[in-house]
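Understanding the architecture of this molecule
Chain by chain, the residues:
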Number of protein chains: 2
Amino acid sequence: MSTDKLGLLKKFFKKNRRLPSYSEMLKIFGFSSKNAVFKLINKWVEANLLTKNDGKLAPTSHFFALPLLGTIKAGYPILAEENRNYLTLDDYLIEDPTSAFLLKVSGDSLTGVGIFEGDIVVIEKKKQATIGDIVLAQIDHEWTLKIFRKNRSSRISYLQAANPKYPDFYPKASLEIFGVVKAVVRKFN
Amino acid sequence: MSTDKLGLLKKFFKKNRRLPSYSEMLKIFGFSSKNAVFKLINKWVEANLLTKNDGKLAPTSHFFALPLLGTIKAGYPILAEENRNYLTLDDYLIEDPTSAFLLKVSGDSLTGVGIFEGDIVVIEKKKQATIGDIVLAQIDHEWTLKIFRKNRSSRISYLQAANPKYPDFYPKASLEIFGVVKAVVRKFN
DNA sequence: CTTGACAGTGAACAAATGTTTACTATAATG
DNA sequence: CATTATAGTAAACATTTGTTCACTGTCAAG
């Protein structure tokens, strides 16, 4: 394992949400010449773990990201190292961080689409939805998370659960959409 | 909405994975005095969106994190602003980034536990699993993602699908565990 | 033994950094 | 009206930044 300098750097970044300056790295890595740092950094830039733009150092996506392996097709081994992708969950799931928020799900009305009690959904604030979207809405002034539908003949908007034990929800007075579910996330244990 | 300077900063960070220097912010924000930047930054530090340690600017967790609203209990409004939590999906889902990787799921063998084709699972590398864990394993040299079980009487380890259409998988020769699924993630559209 | 490649030291330096101070214009308040 | 806060300009500055150059010791290969 050696004294894993890259690990130390990652630890610093995780803690401080920024890269250390060369002088700080001196201490972190235990060097006594900035040039030692300089050479080490350049090696990491070479390896595409860090980049320099405008002379400023920044991590690349490889620096954080997790390797995304291909699918397992029954019996075949996982894709080889070469065609690996790297992925950050935040980047993958959240397109517009300014309009997104999270919501902890309760109830079993969406089990049919694989959304269970305790899951966390990523919601993008918007007033309009496409038919079939899972929406955060206020139906007759009650908040709920359901599938957005439109009656084929009457063109009336309604909400539908993804669980046969619930009926369709037609608004008596009002139906207002506040956001659309873009992703679900579930943690085990 | 005004010309949302904080949004511009976030955009820069998202693109470059670092904060801009004050001189860079001059251009980004359209100021012509560094002092204007200075004052603005200090306001954000005050608001706990940024921090300074050792005179170096860094984002706080609030800077990225999304507000996590409480559960919707039928009919009740969403929790008020005060008791909001803030959450980063990466932090929430990935405990040990060094031993974790992602895997795109194919097949329908885990639909019963809400894992579908196209979902991405977070796997933590480890050789041992607890009964009931969803594991990445090699059974008779074939890779698969299944639930780890042990026969009550015989104490023999086997794999189980979460889909009634599949039988239990008892290893003929070998069963080796490579990792345990810690989380699932699904993106809509 | 010689050579060359590494890995690190130490010093020097131009350029850029964040901060401070003094000042101006605008708008809001009483 | 006078006052006070707010948002910005402009210039000056010590400190720190990343980089470069010259040098040393170590180790492996021919």
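A few points on the structure. (Residues numbered from 1 in each chain as written. Chains lettered and ligands numbered in written order. Predicted model: local features only at pLDDT ≥ 70, side-chain atom pairs only at ≥ 80, totals over all residues. Heavy atoms only, no water.)

**Overview of the protein's contact with DNA strand D**
Near DNA strand D there are 15 residues, and of these Ser23 and Asn35 of chain A together with Ser32, Lys39 and Lys43 of chain B occur at the shortest range. If you look at DNA strand D and keep only atoms within 4 Å of the protein, 50% of those are sugar or phosphate atoms. Contacts to DNA strand D include Ser21 of chain A, whose side-chain N or O atom sits 2.9 Å from a phosphate oxygen. Here a base oxygen of DNA strand D sits 2.6 Å away from a polar atom, N or O, in the side chain of Lys39 of chain B. Among the secondary structure elements, those contributing two or more residues to the surface near DNA strand D are helix H2 (22-29) and helix H3 (34-46) of chain A together with helix H3 (34-46) of chain B. When residues of the surface near DNA strand D are assigned to their parent elements, the largest contribution, 4 residues, is made by H3 of chain B. Across the surface near DNA strand D, the residue classes break down as 4 nonpolar, 6 polar and 5 charged. (Near = heavy atom within 4 Å. Polar contact = N/O pair within 3.5 Å; in protein donor to acceptor, adjacent residues only side chain to side chain. Helix = DSSP H or I, 4+ residues; strand = E, 2+ residues; numbered from the N terminus. Nonpolar A, V, L, I, M, F, W, Y, C, P; charged D, E, K, R; others polar.)

**Focus on the pattern of salt bridges**
Where charged atoms from two side chains of opposite charge approach closely, those side chains can pair. Residues and elements named next belong to chain B. All chains considered together, the criterion is met by 8 salt bridges over all chains. Between Glu24 and Arg18 there is a salt bridge, and its shortest N-O distance comes to 3.0 Å. Using a relative accessible area of 14% as the deciding quantity, one classes Glu24 as buried. You can call Arg18 buried: its relative accessible area is 8%. (Salt bridge = Lys/Arg side-chain N within 4 Å of Asp/Glu carboxyl O. Buried < 20%, exposed > 50% of the residue type's maximum accessible area, 1.4 Å probe, protein only.)

**Considerations on the interface of chain B and chain A**
Listed per partner, the contact involves 67 residues of chain B and 68 residues of chain A. Each partner contributes to the roughly 5,900 Å² buried at the junction of chain B and chain A, and carbon and sulfur atoms together form 62% of this total. Where chain B touches chain A, the interface holds 0 salt bridges. Taken together, the links from chain B to chain A amount to 24 residue pairs in polar contact (both at pLDDT 80 or more). (Contact = heavy atoms within 4.5 Å. Buried area = accessible area lost by both parts, 1.4 Å probe.)

**So, the relation of the copies chain B and chain A**
Rotating chain B by 180 degrees about the axis while translating it 0.5 Å along that axis superimposes it on chain A, leaving an RMSD of 0.9 Å. Taken together, the turn and the small shift mark the pair as related by a two-fold rotation axis. Most of the interface of chain B is mirrored in chain A, where 100% of its interface residues are also at the interface. (Least-squares fit on C-alpha atoms with pLDDT ≥ 70 in both.)

**Considering the protein's contact with DNA strand C**
Inspection of the region around DNA strand C gives 15 residues, with Ser32, Lys43 and Lys56 of chain A together with Ser23 and Asn35 of chain B positioned closest. Each atom of DNA strand C within 4 Å of the protein belongs either to a base or to sugar and phosphate, the latter forming 49%. Here a phosphate oxygen of DNA strand C and a side-chain polar atom of Ser32 of chain A are 2.6 Å apart. At 2.3 Å, a side-chain N or O of Ser23 of chain B approaches a phosphate oxygen of DNA strand C. When contributions to the surface near DNA strand C are tallied by element, the ones reaching two or more residues are H3 of chain A together with helix H2 (22-29) and H3 of chain B. Per element, the largest residue contribution to the surface near DNA strand C is 4 residues, and it comes from H3 of chain A. In terms of residue class, the surface near DNA strand C is built from 4 nonpolar, 6 polar and 5 charged.

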